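Spelled out, the chains give:
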Number of protein chains: 2
Amino acid sequence: MTAPSLASILQQRRQHLAQLVDFPVLLWSGCALSRNFPANRFPFRASSHFLYFAGLSLKNSVIRLEGGKLELFYDEAPPESALWHGEMPARSDLARTIGADAAYPLADLAFHCKDAATIPVSQVQTQQFQILQRAIALEGIDAQLAQAIATLRLRHDAGALEQLRQAAAIAVEAHKIGMGMVSHAHTEAEVRGAIEGAIFARNMSCSYNSIVTVRGEVLHNERYDNLLQPGDLLLVDAGAETQMGWASDITRTFPIAGKFSATQREIYNLVLAAHDACVDRVSPGVEYSEIHHLAALVLAQGLVDLGILRGQADDLVERDAHALFFPHGIGHLLGLDVHDMEDLGDVAGYAPGRKRRDRFGWCYLRLDRPLQPGMLVTIEPGFYQVPGILQNPHWREKYQDCINWQQLERFGDVRGIRIEDDVLVTESGREVVSADLPNNADEIEQLVSANS
Amino acid sequence: MTAPSLASILQQRRQHLAQLVDFPVLLWSGCALSRNFPANRFPFRASSHFLYFAGLSLKNSVIRLEGGKLELFYDEAPPESALWHGEMPARSDLARTIGADAAYPLADLAFHCKDAATIPVSQVQTQQFQILQRAIALEGIDAQLAQAIATLRLRHDAGALEQLRQAAAIAVEAHKIGMGMVSHAHTEAEVRGAIEGAIFARNMSCSYNSIVTVRGEVLHNERYDNLLQPGDLLLVDAGAETQMGWASDITRTFPIAGKFSATQREIYNLVLAAHDACVDRVSPGVEYSEIHHLAALVLAQGLVDLGILRGQADDLVERDAHALFFPHGIGHLLGLDVHDMEDLGDVAGYAPGRKRRDRFGWCYLRLDRPLQPGMLVTIEPGFYQVPGILQNPHWREKYQDCINWQQLERFGDVRGIRIEDDVLVTESGREVVSADLPNNADEIEQLVSANS
C-alpha cells in the first residue's frame, strides 16, 4: 500500500469541510515577522488553519475553499529574488502539489472575497490585510467556520497522524540525547542546546519554547540561566514540529546526578502513578474532565499517604486542595498547534455550551470534551512547590487543616516534577505515541547514568 | 580595574545623547510576537534602540530620555503570573539595575509623551501603540533622533565591545564544532543543529537565521534540506547574539570531505586574498566603499589570472563585471543588529548626502562612510555561480567579451564561497574580533579532518 499523496489528503479535508459549511472560506497563511529590522525575520510559521488545508508552509498566501474546491492565491517571487533566495517554485507547480483547482496572483483575491468566512491569523500584520477585505469578528459565518474547522481538526486523519508520529519520534530522540548528556553538563543552557540542536538536526523546529529548568515549579520557565547542582531535578518540556507544522509535546523530569533522592523518588512515583492511571483511562466516550479529576484524586491520595495532605482524598479534591500542588490542567489537545486550535479560544477545547470553571486548578483545564477516536491529547500530571501558592496567606488559611507543613519540609528537594506523554484516542482505547521515551524511575536513572 | 557597571555604561550613553538632541526621547522595547496562537510566542527580542539605552531585554516597556536622565515605564507582572513565569523583578529593582532616575507604570506614559521624539519599532503591534500616542514619521525631531542615535551607535563603547567580543567568541566556538562534525554528518540540517545547539548551550541566541548550505550561490538560503555529498563545499554563515542583544556574523566555507579540490582551492584562495587585502585596508579615515572597490579589483584580477575573466582588472571593475561572480557588498555595520541600524534605512549605513548607487553589484553595498575608530564592520567577499545572473541573457550579452565560458566550466564544483570576519576599526588600524576561527585553506582542512 502506498501512502496517500498530499494532494489527496488535502482533497479529503476540504470535502469534509464542504459537508459542514455551505459558504466560501478564505484562509491566510500570514507573513514572516520582523525580529529587529525588516530583513532579519523570525522563521516563518504559517497559520495552522491554512496548513491544515494547504499542506505547505507558503508565505503571504491565501486559499479559497468552496464546495470541496481549492483556489490558491500566491505571488511568484520576482526574478531578482532568485539571487538571494534561489529559484522559487512556480505557482502552477505549487498548485499541482496541493491539488488546487485553480491558482491566481494575490491581486485577484479582491474578486474572490465576497461572502467568504475567515479566521483571523494571530498576526496583526496579516489581520490588517484581512480587515482591508472586510471587517472580521468571530460571529456569523466566521463563527460557524471556526466550529466546522474545530470539528474536523479534533480528529486526526491518517496524513496528520503520520506527521504527528514523526514529531513525537524526533522529540523522543531529542529527550534521550538530553538525558544522556546531562551528567556532563554544567548549565540548563547546555542541555537545552543539546535537545534543540537534535531537533534542528532532523530538520524539524521546536513546537514551542522549550522548558529546561531546575526550577520546575515555574511552569512556563523560558530562561536557561541556572547552574546544575548534583541534587537537582531537571524538568525538560520540549517538543518537535514537522516542516508541515505538526507538533509533539513531551515532558520528563530526571535527577542530574543519575539518582533520585528517596523523597524525589516518592513524589516521582506518585506523579507517575497519576500519569499511568490517566493514560489508562483514555478511551472513546470518556470525558476528559474525568481524567483530570482522576489525576487530582490519585495525587491527593498519594499526598495523604506521604503525610503531606491530611484528610480523605475525595474531600480534598472536592475542596480543590490538590491544586495547591497540581495547579494546572491534566493536558490539552495536540495537533498543528501544541495547544491545538487555542487561537479559537475554547471553541475547540470545550464542548458547545461548556465553559471554564471558576475554580482553583480547574480554571486552567484547557480541554473539556468527551474523547473521540483520532483525538490526540497530552496527559501531564505534575507536583510543584510554587511559592506564589504555598506562601499565599489566602491559600494557607483556607487549607490550614489540610497541609502538614512539617512533613512537606522533608520534600524540600522536590521543586517541580511533571511527566507528559502524547496519547492518541483509538477505536479500542489509546496509544501512547511518545511511548518510546521511558518514564519509569529506574529506566530514567539508567538513561541519565549511561554516559557518566 | 573593575568593569564599569551596566548603570554607568547606560548613563554615559544617555549623556552623549543629551549632547546631540535637546528634546525628550521615547523608546519602546516591543512585545513578544505570536507564532501560531497567543500563548505560543517567538522568543522576545527587544528593539535595539531600546536595548542600547536600557540594557535589559524588558517586554512592553518604554524609556524616556531627557537631558541625560532616564525614566522607565514598566508594568510589574500581576501576582498570579508568578505561577507561570516565576517571580519577576520589581520595577524598582529594574530601575536600580539600569540606573533610572525614576520609574512609573505604563499608564503614566500618557503624561510624559508631549513633544518627545521616537523611532518606530519593527513590529506593527507596538507601532500601533506608539501611534496611539501621536502620529509618527521619520521627519522633524524623529529624523534628528535617528541621526543622533546613529552617530552614537556607529562607534562602540567599551561596554558594547565587551558584548560584541563575547558574541564573536561563541560564534567561533560554534563554527569549529560545525567543522569538526561535518565529516560524520549526512545533511545540512545536522550541521545546523550542531552549530545552533552550541550557541544555545552558551545561553546565547542566533543573531539571524543561519545559512548552512551546499548551495552557497543562494545568498540567503534558509533551508537545510540537502544531503551532503563528498565533493561539496559547505557554506556556513552563522552568528551568536548575547542576552543583551549584541551580535556576531561569521562565514566559513569548507570541503565536506576535508579536502578542497584543485579548482575549489584556487577559488577559495582568491576569495581569501580579497578578504585579507580588505581587512588590511581597514583603518580610520578609509572610505568603506574603497574597500568594496578593492575586493572587486582583487577578485577581478584573480579571475583574469584563472582565465575565467578576460581583460584588465580595473576595466572589468569599471564595467561592474566582477559583480557577475560577487554581486553583493563587501560587508556592513555590526552591533546590536547584525546589519546594524538597518531599521533606519540607510541613515546609519550611508554618510549624509550619500545614496546607494544604481549599479550592478554596488546597489547592494550597505555601508558607505569613512571608517572611524570603534566601528565594527564585516568583511565578506565571495565568489558565486548564480544561475539567475550567469544565465540571464541581458548579462550574458553585456559581458560576452569578458567571460571565458569554457574555462568557467572547469570550476563547476564551486557553487559559492564566502569568507566573512568581524573587524573592529581601532585608533591605529584594525582588530579582527573573529580571528580565532582559522580561514586559511590548510587549517580549514585540518579542522574538518580532525575527527574523521
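Analysis parameters
- Residues numbered from 1 in each chain as written.
- Chains lettered and ligands numbered in written order.
- Predicted model: local features only at pLDDT ≥ 70, side-chain atom pairs only at ≥ 80, totals over all residues.
- Heavy atoms only, no water.
- Helix = DSSP H or I, 4+ residues; strand = E, 2+ residues; numbered from the N terminus.
- Rg over C-alpha atoms; globule rule 2.2 N^0.38 Å.
- Contact = heavy atoms within 4.5 Å.
- 1 Å grid on protein atoms, 1.4 Å probe; cavity = no way out; pocket = protein on both sides within 12 Å on 5 of 7 lines; lining within 4 Å.
- Points joined across faces, edges and corners; volume = space filled by probe spheres on them.
- Nonpolar A, V, L, I, M, F, W, Y, C, P; charged D, E, K, R; others polar.
- Least-squares fit on C-alpha atoms with pLDDT ≥ 70 in both.
- Axes fitted to C-alpha atoms, helices over the stretch in contact; angles between N-to-C directions.
- Parallel < 35°, antiparallel > 145°, perpendicular 65-115°, else oblique.
- Left-handed = near helix turned anticlockwise from the far one by under 90°.
- Domains from an automatic or database assignment.
- Buried area = accessible area lost by both parts, 1.4 Å probe.
- Salt bridge = Lys/Arg side-chain N within 4 Å of Asp/Glu carboxyl O.
- Polar contact = N/O pair within 3.5 Å; in protein donor to acceptor, adjacent residues only side chain to side chain.
- Phe/Tyr/Trp six-rings, centres within 6.5 Å; stacked < 30°, edge-to-face > 60°.
- Buried < 20%, exposed > 50% of the residue type's maximum accessible area, 1.4 Å probe, protein only.
- Lys NZ or Arg CZ within 6 Å of the ring centre and 35° of its normal.
- Pairing = 2+ DSSP bridges.
- Expected span 1.5 Å × (residues − 1).

Right, let's talk about the overall build of chain A for a bit. Helix and strand content of chain A: 15 helices and 17 strands. Over its C-alpha trace chain A gives a radius of gyration of 24 Å, about what one expects of a compact globule, namely 22 Å for 452 residues. By its C-alpha atoms, chain A is 70 × 50 × 50 Å across when sized along the principal axes. A fraction of 72% describes how many contacts in chain A between residues 6 or more apart in sequence connect residues 24 or more apart.

What follows is about the layout of surface pockets. Roughly 420 Å³ of volume is contained in the second largest pocket. Together, 19 residues line the second largest pocket, and Pro79(A), Glu80(A), Ser81(A), Leu83(A) and Gly388(B) are the ones closest to its centre. Within the residue set of the lining of the second largest pocket, elements represented by two or more residues are helix 3 (81–85) of chain A together with helix 12 (387–390) of chain B. By residue number, the principal contributor to the lining of the second largest pocket is helix 3 of chain A, which donates three residues. Classifying every residue of the lining of the second largest pocket by side-chain character gives twelve nonpolar, four polar and three charged.

Superposing chain A onto chain B requires a rotation of 180° together with a translation of 0.0 Å along the rotation axis, leaving an RMSD of 0.0 Å. Both copies of the chain, as the preceding transformation shows, are related through a two-fold rotation axis. In terms of proximity to the rotation axis, the leading residue of chain A is Gly197(A), whose C-alpha is 2.1 Å off the axis. Same-surface contact between copies: 100% of interface residues of chain A are shared with the interface of chain B.

Moving on, we come to the packing of helix 9 (residues 262–281) of chain A against helix 10 (residues 288–305) of chain A. Residue and element names in this part refer to chain A. The geometry of helix 9 relative to helix 10 is characterised by a closest axis approach of 9 Å and an angle of 150° between their N-to-C directions. Judged by the inter-axis angle, helix 9 sits roughly antiparallel to helix 10. Here helix 9 runs over helix 10; the crossing is right-handed. Contact residues: Ile 267, Leu 270, Val 271, Ala 273, Ala 274, Ala 277, Cys 278 and Arg 281 in helix 9; Glu 290, Ile 291, Leu 294, Ala 295, Val 298, Leu 299, Gly 302 and Leu 303 in helix 10. For the contact of helix 9 with helix 10, a count of residues per class yields 13 nonpolar, one polar and two charged.

Residues and elements named next belong to chain A. In terms of domain boundaries, chain A breaks down into domain 1 (6–154) and domain 2 (158–449). A straight line from the C-alpha centre of domain 1 to that of domain 2 covers 34 Å. Of the residues lining the interface, 19 residues belong to domain 1; the matching set on domain 2 comes to 20 residues. For the pair domain 1 and domain 2, the summed buried area comes to about 1500 Å², and 61% of that belongs to carbon and sulfur atoms. Together, Arg 45, Arg 153 and Leu 154 form the three largest contributors to the area buried by domain 1 at its contact with domain 2, with a combined 39%. Counting the contacts that link domain 1 with domain 2 gives three salt bridges. Here Asp 340 makes a salt bridge to Arg 153, at a shortest N to O gap of 2.9 Å. The tally of links from domain 1 across to domain 2 stands at seven residue pairs in polar contact (both at pLDDT 80 or more). Counting only elements with at least two residues in the side of domain 1 that touches domain 2, the list comes to helix 1 (6–20), helix 2 (48–54) and helix 6 (140–154).

So, about the packing of aromatic side chains. Residue and element names in this part refer to chain A. One pass over the full model with this rule turns up 18 aromatic pairs over all chains. Centre to centre, the rings of Phe 360 and Trp 395 are 4.0 Å apart; their planes meet at 10°, and the pair counts as stacked. Of this pair, Phe 360 sits in the loop between helix 11 (313–318) and strand 13 (376–379) while Trp 395 sits in helix 13 (residues 393–398); the two residues are 35 residues apart in sequence, bridging distant segments of the chain. According to the relative accessible area criterion, Trp 395 is buried, its value standing at 18%. An aromatic cluster of at least three residues, connected via ring pairs, comprises Tyr 52, Phe 53 and Trp 246. For the cation-ring pair, Arg 13 lies above Tyr 52, with the distance from its terminal atom to the ring centre recorded as 4.4 Å.

Regular strands show a simple pattern: their side chains alternate between the two faces of the sheet. All names here are of chain A. Counting buried residues along strand 10 (residues 233–238), six of its six residues qualify, which places the element largely inside the surrounding structure. Residues Leu 233, Leu 235 and Asp 237 point to one face of strand 10 and Leu 234, Val 236 and Ala 238 to the other, with burial holding for every one of them. Direction of pairing for strand 9 (residues 211–213) relative to strand 10: antiparallel, over a ladder of three bridges. The residue of strand 10 that forms the bridge with Val 212 is Val 236. Pairing geometry for strand 10 and strand 12 (residues 250–255), over six bridges, is antiparallel. Looking at the pairing, Leu 235 lines up with Thr 253 of strand 12.

This brings us to the interface of chain A and chain B. The interface of chain A with chain B comprises 59 residues on the first partner and 59 residues on the second. Here chain A and chain B share an interface that buries about 5000 Å² over both sides, 56% of which is from carbon and sulfur atoms. Among the residues chain A hides against chain B, the three largest losses belong to Arg35(A), Leu83(A) and Trp84(A). Together they make up 16% of the total. Note that Glu241(B) and Arg35(A) form a salt bridge whose closest N and O atoms lie 3.0 Å from each other. For the interface between chain A and chain B, the tally reads 14 residue pairs in polar contact (both at pLDDT 80 or more). Listed by contribution, the elements that provide at least two residues to the side of chain A that touches chain B are strand 2 (34–37), strand 3 (40–41), helix 3, helix 5 (124–133), helix 8 (188–201) and strand 8 (205–206) of chain A. Of all the elements, helix 8 of chain A adds the most residues to the side of chain A that touches chain B, at eight residues. Looking at the side of chain A that touches chain B, its residues break down into 24 nonpolar, 21 polar and 14 charged.

So, about the environment of Gln229(A). All names here are of chain A. The residue Gln 229 is located in the loop between strand 9 and strand 10 in this model. Exposure remark for Gln 229: the relative accessible area of 42% places this residue in the partly exposed category. Residues Gln 229 and Met 181, spaced 48 residues apart in sequence, show a C-alpha to C-alpha distance of 14 Å.

As a further point, take the sheet that holds strand 16 (residues 421–425) of chain B. Residues and elements named next belong to chain B. Ordered in space as 13-16-17, the three strands form an open sheet in which the pairing is antiparallel. Among the strands making up the open sheet, the edge pair consists of strand 13 (376–379) and strand 17 (430–432). Going from strand to strand, the sheet's axes swing by 30° on average, the running direction of each strand aside. Bridge count for strand 16 against strand 17 is three bridges, and the pairing is antiparallel. What sits directly across from Val 423, in strand 17, is Val 432.

The next thing to look at is helix 10 of chain A. All names here are of chain A. With 18 residues, helix 10 extends 26 Å between its outermost C-alpha atoms, agreeing within 8% with the 26 Å of an ideal straight helix rising 1.5 Å per residue. Packed against the buried residues of helix 10 are helix 9, helix 11, strand 13 and strand 14 (382–384). Just downstream of helix 10, Gly 307 is the residue with a positive phi angle, here 80°.

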